[in-house]
Amino acid sequence: MNKNRTAYGLLGIAAVMLSLSFAAVPFYNWFCRTTGFAGTTSVAEKAPDVILNDVVKIRFDGSLEAGMAWEFHPQVPSMELRIGETGLAFYEAYNPTDRTIAGTASYNVTPDQAGGYFTKIECFCFTEQVLKPHERVLMPVTFFVDPDMMQDKEAKLIKEITLSYTFHETPLTEEQKQAALETDRATPVN
């Protein structure tokens, strides 16, 4: 009887641990979005009504996952922005190949303390991007730095924030594959 109780207890512990492991990823994502931990940015529907005189320099960085065939970079290396002011920046992506490629951008900001205050309103990183062969696109990101940053004794000392994106190739859906086959066949090879 004691052996059965121990076995059931261990089985229960294993089940709880397995359940917690599946809950860890969504919980971690929620935690990062809420706190800005690890440079995770926030999202808002509109900019704040308050614009401060304090200025912060925003640097832009773009990179590709190993094996991603696109070319990808920011249109400008940096801009200065008043805290609370809405900024608009563009990144350029180009597919130099003869095939349709889908990509998703991951992002973060540095220093990490700025993550909770750097807020996006619109961003190409919210959705998957699909580029046809030899297609070039400009992709916007609309953002602001939350005035609450000036109330944080460490974050208020930040004078420069870097917004970084990395594009990763993602598999095409069946529908995208069909459209790509038609497009890829119609695209002349140089």
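Asks: So what exactly am I meant to see when it comes to the nonpolar core here?
Replies: Nonpolar side chains in soluble globular proteins tend to be buried together. The biggest cluster of nonpolar side chains holds 35 residues, and the ones touching the most others in it are I58, F124, V141, F143, I161 and Y165. At the level of secondary structure, the elements contributing two or more residues to this core comprise β2 (55-64), β4 (78-82), β5 (87-94), β6 (101-110), β7 (118-123), β9 (136-145) and β10 (160-170). It is β9 that contributes the most residues to this core, five residues altogether. Residue contacts for V141: discarding those within four places in its chain leaves G87, L88, A89, Y91, K120, E122, C123, F124, L163 and Y165.

Asks: Whenever I open this one, the pattern of salt bridges confuses me. Can you help?
Replies: Applying the stated criterion to the full structure yields three salt bridges. Across the pair R59 and E160 runs a salt bridge, and its minimum N-O distance is 3.9 Å. Taken as a pair, R59 in strand β2 and E160 in strand β10 lie far apart in primary sequence, 101 residues in all. You can call E160 partly exposed: its relative accessible area is 36%. Measuring nitrogen to oxygen at the nearest pair gives 3.2 Å for the salt bridge that ties R99 to E169. Of this pair, R99 sits in the loop between β5 and β6 while E169 sits in strand β10, and the two are 70 residues apart along the sequence.

The rules we used
- Residues numbered from 1 in each chain as written.
- Predicted model: local features only at pLDDT ≥ 70, side-chain atom pairs only at ≥ 80, totals over all residues.
- Heavy atoms only, no water.
- Core = buried A, V, L, I, M, F, W, Y, C linked by side-chain atoms within 4.5 Å.
- Buried < 20%, exposed > 50% of the residue type's maximum accessible area, 1.4 Å probe, protein only.
- Helix = DSSP H or I, 4+ residues; strand = E, 2+ residues; numbered from the N terminus.
- Contact = heavy atoms within 4.5 Å.
- Salt bridge = Lys/Arg side-chain N within 4 Å of Asp/Glu carboxyl O.

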